[in-house]
Amino acid sequence: MRLPRKGIQLLLFLLFLVGELTLGDSSQVSNHTTDYEQTTKQILDKATARMRTIWDLKRRIFLQLTAKGKSPLGGQALNGKQEVESETYRLQYELAANLSVVPVAELNDPLLRRRVQRMAKLQLQGLRPKDYEQAKDLLRQTHNFVSGALVCPLEDCSARGPMSMDQQIVAKNRRTKLYDDLLINWYAWRKAINEKETAKSTFIDFVRLLRIAATYNGHVTPSRTWYHHFDTENFQAEMEAVLWEIMPLYRELHAYLRHEVRIAYPKADTKSDGAIPAPVMDQILSQDWYPHQFFRTPHPSKQHQLPSVHRRLEEVLVTPVKINRKAAEFFESLGLNHMSDNFYEKWSRRMKDDEGGPDCKSQVYYFPPDVALRYCPKLDYKKMMQMHGTMAELQYNIYKRQLPFGLDTEPCPGFGAAMAETVILASGTARHLFRLHILLNDSLSEEQSLNRLFRMGVHTLIAVPQYFINDKFLVDVMDGRIGVKDYNCAYWHLQDKFAGVQPPSQRNNRDFDLDFKFYRGMNPETSNTKKFMAEILGFQFYRSLCLASGQYKPGDPDFPLHNCDFYDSKEAGKKMRDMMQLGATKHWRDVMEIATGERKLSGRGILEYFAPLFTWLKERNKQLDIEPGWDADELCRKD
């Protein structure tokens, strides 16, 4: 990393101290260690003061954007957000330059060492200003690939304007029962974003910048920068091991869904032992909770369908505000922070009805000493569960704000989301809905429970391999294991190996077929690594907190993991609070060990959660004479 003037001055100062050091003189060693620590603390104190200024700006933006009536900020809101981003980048860039020359081994204070180690190396923020601006432009371009109105499926936009992949095409694919529709949309979007190889060249340019950022960190292998905060040698191998651990369950689900595909879409020409065409697998993912899905649940008759809770939820919870308070009450029952009336009056604001789109998501703001919330005004079952996850993020921020700048964050990407996932799982159970007086019983019938697990399986088990494939492809390209000429066939090789998915027709390396979710994960803030971590670790946490609460008793049919609600468990609450309070002060393995007693990622939580589904799938596939696994056609040629 090239150092600004302050960094050079610090380096010269530190070199001077080293030069003055007389070997064997322990008093001088002690003195110089003190000098190193004092100098480092001064750097961090100045950085903290600058960060407080940025937090103050974020606070003003929040208050002005959420003021009643017309916002006094007017059209300056966007400029304010850009100023926050610009100032944050400058602070991180200059601070990393200064900290990169600090001799970490000479620091006695473990928290000081930890702060230096975490902030001395950066991802995109470590790029020079010109390169950083280019990286942001490229990410905006990839965002437009997904959210921009770019696609005319039949190359005719005269009847209606072009559509975006996110929301419009996904929604259209969710509803259709025609394979030709799926096929047309699959090709049309890829053609729209890769005309003149736009998508491919954007990706190549972005990878080049990721590699530059890695060199500034002194990393010969770029993936070390991508996985920097996991602080683990070959973290990708650990993720792959977890994927193989849950693969027997995935293969059984894949085999059953393939059978359903063959019935619903004969034109897809899916072989009985083959892979599932990508356009259909995309539809399967989008239909996880859709009531008119093409695939059959284990018990499809009307009497076994999941109870509709929407009307009852409206009657009981009435408003989004009451949902927020019920979600907050969940954490209070665990012994975590109480959300005061002052918080709801000053720091909780309702989004406008036209904000956030059809699937609006609540937003948490962090500007110590305060935290704030903008919540989605919609009232439904999905939003209720999401609000429990949002409240987990709020609670986490309340604890983290007590920590020094640089350690007031999660110990690794996806850790906070995993804790949120844990609470979402608990809040969606029949046991918790009964507690809220939304359901009449604290458990579902055996048939309903299996149908719910099946839906959850489609939602989770089909998505996890895709997170890994997208992450592995990006990292393998970064590290040079996949060359430019091999991009497309390498991508389809991963889809075949880890997911049993294949292209709908013959493809080659001139094509560029990456899924739209891949482009979302190119941003380190929303990486596929983070999503993978949130799912796997979320189920690990859930299993451990349920065991601690006594609401999960392995082998007891009255207390299965999939119906565990650890509400009011002070034992579970202590584990969660202890993790939250640590922020990034310790390695993520040390923090996860508090809850799980384990120091590695594991698929055990997922396997135990879906155990009844696994049993049913094996029995049903045997009845249908279906063999799990796949042998994909060779549909991508390197020539």
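Model, not experiment: these values are computed from the prediction.

**Comments concerning the overall build of the chain**
For step 1, the next point in the chain: In terms of helices and strands, the chain carries 26 helices and seven strands.
For step 2, the next point in the chain: Its C-alpha atoms give the chain a radius of gyration of 26 Å, within 12% of the compact-globule value 26 Å for 639 residues.
For step 3, the next point in the chain: By principal-axis analysis of the C-alpha atoms, the chain measures approximately 80 × 60 × 55 Å.
For step 4, the next point in the chain: Counting all 639 residues of the chain, 54% fall into the buried class.
For step 5, the next point in the chain: Relative to all contacts within the chain whose residues are 6 or more apart in sequence, the contacts with residues 24 or more apart total 75%.
For step 6, the next point in the chain: For the chain, the exposed area adds up to about 28800 Å²; of that, 50% sits on carbon and sulfur atoms.

**Comments concerning the pairing of strand 3 (residues 363-367)**
For step 1, the next point in the chain: Most of strand 3 is tucked away: four of the five residues are buried.
For step 2, the next point in the chain: What sits between strand 3 and strand 4 (residues 370-375) in their antiparallel hairpin is a turn of two residues.

**Some details on helix 15 (residues 381-400)**
For step 1, the next point in the chain: Counted at 1.5 Å a residue, the expected span for helix 15 with its 20 residues is 28 Å, and the 29 Å between its end C-alpha atoms agrees.
For step 2, the next point in the chain: Among the 20 residues in helix 15, 16 count as buried, and that is most of the element.
For step 3, the next point in the chain: The N-capping residue of helix 15, defined by a side-chain oxygen 3.2 Å from the backbone nitrogen of Lys-382, is Asp-380.

**Things to note about the sheet that holds strand 3**
For step 1, the next point in the chain: Spatially, 2-4-3 is the arrangement adopted by the three strands of the open sheet, whose pairing is mixed. The open sheet has two free edges, formed respectively by strand 2 (348-350) and strand 3, since each of these has just one partner strand. Going from strand to strand, the sheet's axes swing by 20° on average, the running direction of each strand aside.
For step 2, the next point in the chain: Inspection of the sheet shows strand 2 paired to strand 4 by three bridges, in the parallel sense. Within strand 4, the position partnered with Arg-349 by the bridge is Arg-374.
For step 3, the next point in the chain: Sheet strands in contact with helix 15 are strand 3 and strand 4, and its direction is about 165° off that of strand 4.

**A word on the pairing of strand 4**
For step 1, the next point in the chain: Among the six residues of strand 4, five are classified as buried, and the element is accordingly described as predominantly covered.
For step 2, the next point in the chain: Pairing of strand 3 with strand 4, which is carried by five bridges, proceeds in the antiparallel orientation. Residue pairing for strand 4: Tyr-366 is matched across the bridge by Val-371.

**What about the packing of aromatic side chains?**
In this description, an aromatic ring pair is defined by two values, namely the gap between the centres and the angle between the planes.
For step 1, the next point in the chain: For the structure shown, the criterion picks out 47 aromatic pairs.
For step 2, the next point in the chain: Relative to Tyr-519, the ring of Trp-189 has its centre 6.1 Å away and its plane inclined at 75°; by these criteria the two rings are edge-to-face. Of this pair, Trp-189 sits in helix 7 (residues 179-193) while Tyr-519 sits in helix 21 (residues 516-520), and the two are 330 residues apart along the sequence.
For step 3, the next point in the chain: By relative accessible area, Trp-189 is classed as buried at 0%.
For step 4, the next point in the chain: One aromatic cluster is present, built from ring pairs that chain together Phe-145, Trp-186, Tyr-187, Trp-189, Phe-203, Phe-473, Tyr-487, Tyr-491, Trp-492, Phe-512, Phe-518 and Tyr-519.

**With respect to the side chain of Arg-452**
For step 1, the next point in the chain: Structurally, Arg-452 can be placed in helix 18 (residues 446-461).
For step 2, the next point in the chain: The contacts of Arg-452, once residues within four sequence positions are left out, are Trp-289, Leu-306, Tyr-381, Gly-428, Thr-429, Leu-444, His-562 and Tyr-609.

**Thoughts on the state of the cysteines**
For step 1, the next point in the chain: As enumerated under the stated definition, the model contains three disulfides in all.
For step 2, the next point in the chain: For Cys-360, the disulfide goes to Cys-376, at an S-S distance of 1.8 Å. Of this pair, Cys-360 sits in the loop between strand 2 and strand 3 while Cys-376 is found in the loop between strand 4 and helix 15, placing the two residues 16 residues apart along the sequence.
For step 3, the next point in the chain: Overall, the relative accessible area of 1% leaves Cys-360 in the buried class.
For step 4, the next point in the chain: Linked covalently through their sulfurs, Cys-489 and Cys-636 form a disulfide whose S-S length is 2.2 Å. Note on the Cys-489 and Cys-636 pair: the S-S dihedral is about -90°, so by sign convention the disulfide is left-handed. Of this pair, Cys-489 sits in helix 20 (residues 487-499) while Cys-636 is found in strand 7 (residues 636-637), placing the two residues 147 residues apart along the sequence. Summarising the burial analysis for this pair, Cys-489 and Cys-636 share the class buried.

**Some points on the nonpolar core**
Side chains of nonpolar character tend, in soluble globular proteins, to be buried together.
For step 1, the next point in the chain: Ranked by internal contacts, the top residues of the largest apolar core, which has 186 residues, are Phe-203, Phe-415, Phe-473, Tyr-519, Phe-566 and Phe-610.
For step 2, the next point in the chain: Aside from chain neighbours lying at most four places away, what touches Tyr-519 is Thr-142, Phe-145, Val-146, Trp-189, Ile-193, Ala-199, Phe-512 and Leu-514.

**Some thoughts on helix 13 (residues 320-333)**
For step 1, the next point in the chain: Between its first and last C-alpha atoms helix 13 spans 20 Å; for 14 residues at 1.5 Å apiece the expected length is 20 Å, and the two agree.
For step 2, the next point in the chain: Restricting attention to buried positions, one finds in helix 13 the residues Pro-320, Ile-323, Asn-324, Ala-327, Ala-328, Phe-330, Phe-331 and Ser-333.
For step 3, the next point in the chain: One or two positions beyond helix 13, positive phi appears at Gly-335, with a value near 95°.

**Here's the deal with the pattern of salt bridges**
For step 1, the next point in the chain: On inspection of all chains with the given rule, the structure shows 28 salt bridges.
For step 2, the next point in the chain: Across the pair Lys-136 and Glu-85 runs a salt bridge whose closest N-O atoms are separated by 2.8 Å. Residue Lys-136 is located in helix 5 (residues 129-147), and its partner Glu-85 is located in helix 3 (residues 77-99); the two are separated by 51 residues in the primary sequence.
For step 3, the next point in the chain: Across the salt bridge formed by Arg-599 and Glu-593, the nearest N and O atoms sit 2.9 Å from each other.
For step 4, the next point in the chain: The structure contains a network of salt bridges with shared partners spanning Lys-472, Asp-476, Asp-479 and Arg-481.

**Things to note about unusual backbone geometry**
For step 1, the next point in the chain: That bond from Pro-368 to Pro-369 is cis: its omega, 10°, falls within 30 degrees of zero.
For step 2, the next point in the chain: Unlike most non-glycine residues, Glu-197 shows phi in positive territory, near 60°.
For step 3, the next point in the chain: Checked against the element boundaries, Glu-197 lands in the loop between helix 7 and helix 8 (198-216).
For step 4, the next point in the chain: One non-glycine residue, Asp-568, lies in positive phi territory at about 70°.
For step 5, the next point in the chain: Within the fold, Asp-568 resides in the loop between helix 22 (528-549) and helix 23 (570-582).
For step 6, the next point in the chain: Residue Asp-568 is classed as partly exposed on the basis of its relative accessible area, which comes to 44%.

**Digging into the environment of Pro-266**
For step 1, the next point in the chain: Inspection of the secondary structure puts Pro-266 in the loop between helix 10 (235-264) and strand 1 (276-277).
For step 2, the next point in the chain: Taking the C-alpha atoms as reference, Pro-266 lies 52 Å from Leu-334; in sequence the two are 68 residues apart.

Thresholds, definitions, all that
- Residues numbered from 1 in each chain as written.
- Predicted model: local features only at pLDDT ≥ 70, side-chain atom pairs only at ≥ 80, totals over all residues.
- Heavy atoms only, no water.
- Helix = DSSP H or I, 4+ residues; strand = E, 2+ residues; numbered from the N terminus.
- Rg over C-alpha atoms; globule rule 2.2 N^0.38 Å.
- Buried < 20%, exposed > 50% of the residue type's maximum accessible area, 1.4 Å probe, protein only.
- Contact = heavy atoms within 4.5 Å.
- Areas by Shrake-Rupley, 256 points an atom, 1.4 Å probe, with all protein chains shown as cover.
- Pairing = 2+ DSSP bridges.
- Expected span 1.5 Å × (residues − 1).
- Polar contact = N/O pair within 3.5 Å; in protein donor to acceptor, adjacent residues only side chain to side chain.
- Axes fitted to C-alpha atoms, helices over the stretch in contact; angles between N-to-C directions.
- Phe/Tyr/Trp six-rings, centres within 6.5 Å; stacked < 30°, edge-to-face > 60°.
- Disulfide = S-S within 2.5 Å.
- Core = buried A, V, L, I, M, F, W, Y, C linked by side-chain atoms within 4.5 Å.
- Salt bridge = Lys/Arg side-chain N within 4 Å of Asp/Glu carboxyl O.

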